[in-house]
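Here's the letter readout for the chains.
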Amino acid sequence: MVPPGGGRQIDLGPFGMALKATGEETGGVFSLLEAHEPPGFGPPLHIHHDAAEAFYVLEGEYVMFLDEREETCPAGSFVFIPAGMRHGFRVGDVPSRKLNLFFPAAMVGYFDELSAAIARGDAEQALDAIATRHAMEIVGPVPDSYV
C-alpha cells in the first residue's frame, strides 16, 4: 500500500516521478511510476524493446505520438503501447500528471540513472548509454526540456 503523495521520489530536473511499485514488489509483473510534468515537456521519440507501457492521465493533458498517429489525451485517458512501438508525448498547456505502467516491470533503473546523470550535469552525453542499458532505443531528437 502506498498512500497519496507516497512513493520514493526521483528528481529528474524539469520533471519528477514517484515510484509506486517496483518489480521486486510485484514479482516482476509490472512497475508503476507517477509523473509530474510541466507544460510543453516531453521525451524524445523512443522504443521499449523489453516491455509494454501504459499511461493513465490523472490531471492536465498530453499529446501522445504513437508510430504515425497523434492523439490528444485529457484527464481520464488511457493509452497502451506494446513493446516495440515508437512513441513519445508532449504535455499540453498546463502542468500535468500521469501514471506510467511497464509490463513486465522495467524502467525504474533508467529513471534512477537519468536522475544521477542530471545531478552530475552530464545527462545529455549519457542519455543514449543509459537508454541502451534499459532496452530503450531513442529514435527521435532529444528536446531541450528533457535533460
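Heads up: these notes are all about the structure in this document. Note that this is a predicted model, so its numbers are computed, not measured.

**Comments concerning the nonpolar core**
Inference 1: Counting residues in each nonpolar core, the largest one holds 36 residues, and the members touching the most others are M17, L33, M64, Y110 and F111.
Inference 2: L33 has contacts with I10, M17, A18, L19, K20, K98, L99, N100, F102, V108 and F111, leaving out every residue within four places of it along the chain.
Inference 3: A21, L32, A54 and L101 belong to the second largest nonpolar core, which has 5 residues in total.

**Some thoughts on the pairing of strand β7 (residues 69-74)**
Inference 1: Looking at chain direction, strand β6 (residues 61-66) and β7 are connected through 6 bridges and run antiparallel. The partner of V63 across the bridge, within β7, is T72.
Inference 2: Counting the residues in the hairpin turn of β6 and β7 gives 2 residues, including D67, whose phi is positive at 50°.

**Thoughts on the packing of helix α1 (residues 108-120) against helix α2 (residues 123-133)**
Inference 1: Where α1 meets α2, the closest approach of the two axes is 10 Å, and the angle between their N-to-C directions is 165°. Taken together, the axes of α1 and α2 are roughly antiparallel relative to one another. Once α1 is placed against α2, the crossing between them reads as right-handed. Touching Y110, E113, L114, A117 and I118 of α1 are A123, A126, L127, I130, A131 and R133, all from α2.
Inference 2: Looking at the contact of α1 with α2, its residues break down into 9 nonpolar, no polar and 2 charged.

**With respect to the packing of aromatic side chains**
Inference 1: Evaluation of the coordinates by the stated rule reveals 8 aromatic pairs.
Inference 2: Consider the rings of F15 and Y146, whose centres lie 5.9 Å apart with planes at 20°: the pair is stacked. Of this pair, F15 sits in strand β2 (residues 15-21) while Y146 sits in the segment after β11 (136-138); the two residues are 131 residues apart in sequence, bridging distant segments of the chain.
Inference 3: A relative accessible area of 3% means that Y146 is categorised as buried.
Inference 4: Ring geometry for Y62 against F89: centres 5.6 Å apart, planes inclined by 75°, an arrangement best described as edge-to-face. Within this pair, whereas Y62 is found in strand β6, its partner F89 is found in strand β9 (residues 87-91), the two being separated by 27 residues in sequence. The two residues Y62 and F89 agree in class, both being buried.

**Some thoughts on the pattern of salt bridges**
Inference 1: Going through the model one piece at a time under the given rule, you end up with 9 salt bridges.
Inference 2: The salt bridge partner of E34 is R97, with a shortest N-O separation of 2.5 Å. Separated by 63 residues along the polypeptide, E34 in strand β3 (residues 31-37) and R97 in strand β10 (residues 96-103) bring together distant segments of the chain.
Inference 3: E34 gets classed as buried once you look at its relative accessible area, which sits at 9%.
Inference 4: A salt bridge links E71 to R69, with the nearest nitrogen and oxygen atoms 3.3 Å apart.
Inference 5: For E71, a relative accessible area of 34% gives the class partly exposed.
Inference 6: One salt-bridge network, in which partners are shared between bridges, spans K20, E34, E59 and R97.

**Here's the deal with α2**
Inference 1: Of the positions making up α2, those classed as buried are A123, A126, L127, I130 and A131. Considered in projection along α2, the buried side chains sweep an arc of 140° and stay on one side of the axis. Turned more than 90 degrees off the buried face of α2, the exposed positions are Q125, D128 and T132.
Inference 2: On its buried face, α2 sits against α1 and β11.
Inference 3: Once α2 ends, the next one or two residues include A135, with phi positive near 55°.

Thresholds, definitions, all that
Residues numbered from 1 in each chain as written. Predicted model: local features only at pLDDT ≥ 70, side-chain atom pairs only at ≥ 80, totals over all residues. Heavy atoms only, no water. Core = buried A, V, L, I, M, F, W, Y, C linked by side-chain atoms within 4.5 Å. Buried < 20%, exposed > 50% of the residue type's maximum accessible area, 1.4 Å probe, protein only. Contact = heavy atoms within 4.5 Å. Pairing = 2+ DSSP bridges. Helix = DSSP H or I, 4+ residues; strand = E, 2+ residues; numbered from the N terminus. Axes fitted to C-alpha atoms, helices over the stretch in contact; angles between N-to-C directions. Parallel < 35°, antiparallel > 145°, perpendicular 65-115°, else oblique. Left-handed = near helix turned anticlockwise from the far one by under 90°. Nonpolar A, V, L, I, M, F, W, Y, C, P; charged D, E, K, R; others polar. Phe/Tyr/Trp six-rings, centres within 6.5 Å; stacked < 30°, edge-to-face > 60°. Salt bridge = Lys/Arg side-chain N within 4 Å of Asp/Glu carboxyl O. Arc of directions from axis to C-beta.

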